Amino acid sequence: MDSPELTERFVSLASVDNRAIMFYYRYFIVPIIMKHIKPDDYMLDLGCAGGVILTLLREKGYKNLYGIDAAQVLLDRIPDKTIPTVCDNYLNVRAHYKERQFDAATVFNTLHHLNSKDEYYQFFENLHYILKAGAIVMVKELWDGIFYKTYTYFMITLRVAM
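The present account deals with the structure reproduced in this document. Numbers given for residues are sequential positions, taken from 1 along each chain in its written order. Totals for whole chains, interfaces and linings use all residues, but because this is a predicted model, local features are given only for residues with pLDDT of at least 70 and pairs of side-chain atoms are given and counted only at 80 or more. The side-chain values count all of the structure's non-hydrogen atoms but skip hydrogen atoms and water molecules.

1. Details of the overall build of the protein
Move 1: Looking only at helices and strands, one finds five helices and six strands in the protein.
Move 2: Secondary structure elements of the protein, listed N to C terminal, follow the sequence α-α-β-α-β-α-β-β-α-β-β.
Move 3: Summary of the burial criterion: residues with accessible area below 20% of their type's maximum are buried, those above 50% are exposed, and those between are partly exposed, where the area comes from a 1.4 Å probe applied to protein chains only. For the protein, the residues scored as buried account for 44% of the 162 residues in total.
Move 4: Look at the contacts in the protein between residues 6 or more apart in sequence, and 63% of them connect residues 24 or more apart.
Move 5: Taken as a whole, the protein presents about 8,600 Å² of accessible surface, with 56% of it coming from carbon and sulfur. Starting at the N terminus, helices and strands are each numbered in turn, a helix being any DSSP run of H or I of at least four residues and a strand any DSSP run of E of at least two. Contacts: residue pairs with any heavy atoms within 4.5 Å of one another. The accessible surface values rely on the Shrake-Rupley method and a 1.4 Å probe; as for residues, cover is taken only from the protein chains in view.

Structure representation (structure tokens):
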């Protein structure tokens, strides 16, 4: 996972004007999410930061939303305080969520925070643990990380097999 210095740099970047990010997610990303995830599904946003996805989905009537992020200062910016959040490392999801708890998960701009093959294995093993059979996982990542370019490099949707 990231060093405290890198986390601080991300927090400062994420604190800059949020309007462009909200526009991008509202009109491009959330409609894609809504094609795959139902309003009553239990969904976890891993790396939720300031809760842009959670906030926009709540506006669309989604009920069972959860978020986890490593930066409390970003979680504190989520406007809807009824959305349950956890401040912890993404590698520790088993400590906070039950086995087979979620119908869906979003992993957006998060994987670049993992530093080794072992961390990737641990991340996906833990993700598999908290997802129900047939769950949807949506992964979106940035090319070279957020500090270099700010466009989507890839976005995939997977259905979890058990």
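2. Focus: the nonpolar core
Across soluble globular proteins, you tend to see nonpolar side chains buried next to one another.
Move 1: Within the largest apolar cluster, 22 residues are counted, with the highest numbers of intra-cluster contacts made by Leu46, Tyr97, Phe123, Leu127 and Leu131.
Move 2: Mapped onto this core, the elements with two or more residues apiece are strand S1 (43–46), strand S2 (65–69), strand S4 (102–108), helix H5 (117–130) and strand S5 (131–142).
Move 3: The element that contributes the greatest number of residues to this core is S5, accounting for four residues.
Move 4: For Leu127, the residues in contact, after removing those within four places along its chain, are Leu46, Val93, Ala105, Val107 and Val137.
Move 5: Take the buried residues of types Ala, Val, Leu, Ile, Met, Phe, Trp, Tyr and Cys, join any two whose side-chain atoms come within 4.5 Å, and each joined set is a nonpolar core. Counting 21 residues, the second largest nonpolar core, distinct from the first, contains Tyr25, Met43, Leu54 and Phe108.

3. Here's the deal with the pairing of S4
Move 1: Burial analysis of S4 places seven of its seven residues in the buried class, the great majority of the element.
Move 2: DSSP bridges decide pairing: two strands pair if at least two such bridges lie between them. Two strands pair when backbone bridges link them, and S1 and S4 are joined in this way by four bridges, in the parallel orientation. If you follow Met43 over to S4, its bridge partner there is Ala104.

4. A short note on the pattern of salt bridges
Move 1: Should a side-chain nitrogen of Lys or Arg be within 4 Å of a carboxyl oxygen of Asp or Glu, the pair is scored as a salt bridge. A complete count under the given rule lists six salt bridges for this structure.
Move 2: With a shortest N-O distance of 3.3 Å, Asp40 and Lys63 are connected by a salt bridge. One end of the pair, Asp40, is in the loop between helix H2 (19–36) and S1; the other, Lys63, is in the loop between helix H3 (52–59) and S2, with 23 residues separating them in the sequence.

5. Concerning unusual backbone geometry
Glycine aside, the phi torsion of most residues is negative, and most peptide linkages are trans.
Move 1: Its identity as a non-glycine residue notwithstanding, Ala49 has a phi of 50 degrees, on the positive side.
Move 2: With respect to the helices and strands, the residue Ala49 is situated in the loop between S1 and H3.
Move 3: Ala49 sits in the buried class, given a relative accessible area of 16%.
Move 4: You will see that Asn109, though not glycine, has its phi angle at about 55 degrees, which is positive.
Move 5: Mapped onto the secondary structure, Asn109 falls in the loop between S4 and H5.
Move 6: A relative accessible area of 18% means that Asn109 is categorised as buried.

6. Here's the deal with the side chain of Asn64
Move 1: Mapped onto the elements of the fold, Asn64 is located in the loop between H3 and S2.
Move 2: You can call Asn64 buried: its relative accessible area is 18%.
Move 3: Under this definition, polar contacts are N or O atom pairs within 3.5 Å; protein pairs additionally need one hydrogen-donor-capable and one acceptor-capable atom, and for neighbouring residues in sequence, both atoms have to be side-chain atoms. In terms of polar contacts, Asn64 uses its side chain to reach the backbone carbonyl oxygen of Asp40, at 2.8 Å.
Move 4: The residues touching Asn64, leaving out its near neighbours within four places in the chain, are Asp40, Asp41, Tyr42 and Met43.

7. Observations regarding the side chain of Thr55
Move 1: Positionally, Thr55 belongs in helix H3.
Move 2: Taking relative accessible area as the criterion, Thr55 reaches 13% and is therefore assigned buried.

8. So, the packing of aromatic side chains
Move 1: Pairs were defined over the aromatic rings of Phe, Tyr and Trp, the Trp ring being its six-membered one, requiring ring centres within 6.5 Å. Orientation was assigned from the angle between planes: stacked under 30 degrees, edge-to-face over 60, tilted for the rest. If you walk through the whole model with that rule in mind, you get ten aromatic pairs.
Move 2: Ring centres of Phe123 and Phe124 lie 5.0 Å apart, and the angle between their planes is 85 degrees; this geometry places the pair in the edge-to-face category.
Move 3: An aromatic cluster is present here, built from Phe23, Tyr24, Tyr25, Tyr27, Phe28 and Phe108 joined pairwise through their rings.
Move 4: The rule for a charge over a ring is simple: NZ of Lys or CZ of Arg within 6 Å of the ring centre, and within 35 degrees of the ring normal. Positioned above the aromatic ring of Phe108, the side-chain terminus of Lys140 is 5.9 Å from the ring centre.

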